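Chain and residue survey
Okay, here's what each chain looks like letter by letter:
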Amino acid sequence: MSGGGVYSLATIGAKDVIDRSIPRVLSALASMPSPAQGYWNFSDMGCADGGTSLQLWRSVIEKIRHSSSTDIQIVYADQARNDFNALVQILHGHTQFESYLPGAENVRVLESGASFYTPILPSASLHLGYSATAMHWLSRKPCDITDHVHMVGASGDEHEQFSEQARVDWQTILLHRARELKPGGKLVLVNFCRDDNGHYLGNTGGVNMFDQFNHNWQSFVNDGVVTSAEYRAMTLPQYYNTTDEFSAPLLDTSSEVYAAGLRLVDIETAVVECPFARDYSEHQDAKKFAHEYIPTIRSWNESTYFAGLSQSRSLAERQDIIESYYRTYQDEVERNPSGHGMGYVHAYMTIEKVAG
Ligand SMILES: C[S@@+](CC[C@H](N)C(=O)[O-])C[C@H]1O[C@@H](n2cnc3c(N)ncnc32)[C@H](O)[C@@H]1O
């Protein structure tokens, strides 16, 4: 992910997705008794720079403060290579983002570089764990995809390998959270999905965004800008579960996850419109649209593409290829903006840890 607060500036849509989950989080909170002693303990897993979830945590704090002054701790976790400087600065009010933290009474935040594929918190310490738009990143890439850059375009054995990796990863995430949650604790997870209409991120009716990525990279291969080996290495290590895939270990009474006490409270899917495409439908300025839209895509896939380029190329050459890729994309959107957009398709789910 891009750093320096760039992430939150470029991804207004991700904030819309989180804001849509606020009633779900407040309702999960309302179903839990206030801690008899100690403090409320929350986690925000895959938080990036924390800017997109400020409103969510402000709402949680306000809700608690209606009835109590109990201490609140929020543990922000992301991969160790995340830009934690940006996170700290945003949370502590040193940026243009309006943080809930300065002046908040009895609220503390902690930052953790622990992956959600590992333990983040001590056993039985967590009241409510939250994560948005992060758990589609697999713990490893099971294979390169021969003729696409993403699993949504994979088939046969390659697709199988991705779905098996995703199954194992989802179980790992849930088992770690099962250990961390207090009995009666909840998870609210907002994850990319493939919905019942076959829609997924960037594929909600217009141009299929992933096919566009793929088309552009294949043109680069055909034009000799990158090699076939580099193209294959650019396979994105992501998977978008269906609601059945998310639900399976939580409903299967013989699964390890079920035995660990996790139960699905409910799951729904929703599409959140691409904010840049929505604005374009009003302002009709194709240049402005392309200029705003490409950075939101770039914020999450540039590092994978860059890593796919051969180390035998100089740094400058690799940077030039990446610049040229996004410029080509931006020019394409500017020339022909109709149908482009990154509509978000998410599964919103609440999970409970039952008392053992
Ligand atoms: C698209 S951002 C989402 C940020 C924020 N939650 C939001 O919804 O706006 C995805 C985040 O997931 C993080 N991430 C990816 N894999 C992770 C892992 N294994 N453990 C923790 N965070 C991870 C990335 O570093 C990135 O910050």
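In what follows, the structure referred to is the one given above.
Reference entry: report on the structure contained in this document. Here the structure is a predicted model, which means the values were calculated and not measured.

Attention shifts here to the overall build of the protein. Within the protein, the secondary structure is distributed over 13 helices and seven strands. In summary, the protein has a C-alpha radius of gyration of 21 Å against a globular reference of 21 Å for 356 residues, a match within 12%. Each of the three principal axes of the protein carries a C-alpha extent, and together these read 65 × 50 × 40 Å. Considering the protein as a whole, with its 356 residues, one finds that 42% of them fall into the buried category.

In this section: the site of the ligand. Residues in close proximity to the ligand total 21 residues, the closest being Ala 14, Gly 46, Ala 48, Thr 52 and Ala 134. Taken together, the residues of the shell around the ligand sort by class into 13 nonpolar, seven polar and one charged.

Moving on, we get to the pairing of strand S2 (residues 72–77). Summarising burial for S2: five of the six residues are buried, a large majority. The pairing of strand S1 (residues 40–45) with S2 spans six bridges and is classified as parallel. If you follow Asn 41 over to S2, its bridge partner there is Gln 73. Taken together, S1, helix H4 (residues 54–65) and S2 form a β-α-β motif whose crossover is right-handed. As paired elements, S2 and strand S3 (residues 107–112) share six bridges and run parallel to each other. Its bridge partner lying in S3, Gln 73 is registered against Arg 108. Traced from S2 through helix H5 (residues 84–91) to S3, the parallel crossover comes out right-handed.

With that settled, the discussion passes to the sheet that holds S2. Reading across the sheet, the seven strands line up as S3-S2-S1-S4-S5-S7-S6 and stay open at both edges, with mixed pairing between neighbours. Every other strand in the sheet has two partners, leaving S3 and strand S6 (262–272) as the edge strands with one partner each. The mean inter-strand angle of the sheet, taken between neighbouring strand axes irrespective of direction, is 15°.

Remark: helix H11 (residues 275–283) packs on helix H12 (residues 286–308), axes separated minimally by 10 Å, with the N-to-C direction vectors making an angle of 180°. Classified by the interaxial angle, the pair formed by H11 and H12 is roughly antiparallel. Seen from H11, the contacting residues are Phe 276, Tyr 280 and His 283; seen from H12, they are Lys 288, Phe 289, Glu 292, Tyr 293 and Thr 296. Of the residues belonging to the contact of H11 with H12, the class tally is four nonpolar, two polar and two charged.

Further remarks concern the packing of helix H3 (residues 22–30) against H4. Running from N to C, H3 and H4 point in directions that differ by 35°, and their axes come no closer than 10 Å. Along this stretch, H3 crosses H4, giving a crossing that reads as right-handed. In this structure, H3 contributes Ile 22, Val 25, Leu 26 and Leu 29 to the contact, and H4 contributes Leu 56, Ser 59, Val 60 and Lys 63. Counted by class, the contact of H3 with H4 contains six nonpolar, one polar and one charged residues.

Bringing the environment of Gln 79 into the picture now. With respect to the element layout, Gln 79 can be found in the loop between S2 and H5. The spacing of Gln 79 and Ser 115 is 36 residues in sequence and 5.1 Å in space, taken between C-alpha atoms. If sequence neighbours within four positions are ignored, Gln 79 has contacts with Gly 113 and Ser 115.

The next subject is the pairing of strand S7 (residues 344–353). With respect to burial, S7 is a largely interior element, 10 of its 10 residues being buried. Residues Tyr 344, His 346, Tyr 348, Thr 350 and Glu 352 line one face of S7 and the alternating positions Val 345, Ala 347, Met 349, Ile 351 and Lys 353 line the opposite face, and both faces are buried. By the bridge criterion, seven bridges tie strand S5 (residues 181–192) to S7 in an arrangement that is antiparallel. Each bridged residue has a counterpart across the sheet, and for Val 188 the counterpart in S7 is Thr 350. Here 10 bridges tie S6 to S7, and the two strands are oriented antiparallel to one another.

Although it is not a glycine, Ala 48 sits at a positive phi angle of roughly 55°. Topologically, Ala 48 is positioned in the loop between S1 and H4. Phi at Ala 124 takes a positive value of approximately 50°, unusual for a residue other than glycine. Turning to its location among the elements, Ala 124 is positioned in the loop between S3 and strand S4 (126–132).

A separate point is H12. End to end, H12 covers 30 Å across 23 residues, agreeing with the expected 33 Å (1.5 Å per residue, within 8%). Asn 301 marks the point of greatest bend in H12, at about 55°.

Inspection of the secondary structure puts Gln 212 in helix H7 (residues 209–222). The class of Gln 212 is partly exposed, set by 18 C-beta atoms lying within 10 Å. Along the sequence, Gln 212 and Pro 142 sit 70 residues apart, while their C-alpha atoms lie 23 Å from each other.

Rules behind the numbers
Residues numbered from 1 in each chain as written. Predicted model: local features only at pLDDT ≥ 70, side-chain atom pairs only at ≥ 80, totals over all residues. Helix = DSSP H or I, 4+ residues; strand = E, 2+ residues; numbered from the N terminus. Rg over C-alpha atoms; globule rule 2.2 N^0.38 Å. Buried ≥ 20, exposed ≤ 12 C-beta atoms within 10 Å, placed from the backbone. Near = placed C-beta within 6 Å. Nonpolar A, V, L, I, M, F, W, Y, C, P; charged D, E, K, R; others polar. Pairing = 2+ DSSP bridges. Right-handed = clockwise from strand over helix to strand, strands pointing away. Axes fitted to C-alpha atoms, helices over the stretch in contact; angles between N-to-C directions. Parallel < 35°, antiparallel > 145°, perpendicular 65-115°, else oblique. Contact = placed C-beta atoms within 7 Å. Left-handed = near helix turned anticlockwise from the far one by under 90°. Expected span 1.5 Å × (residues − 1). Bend = angle between axes of the 7 residues up to and from the residue.

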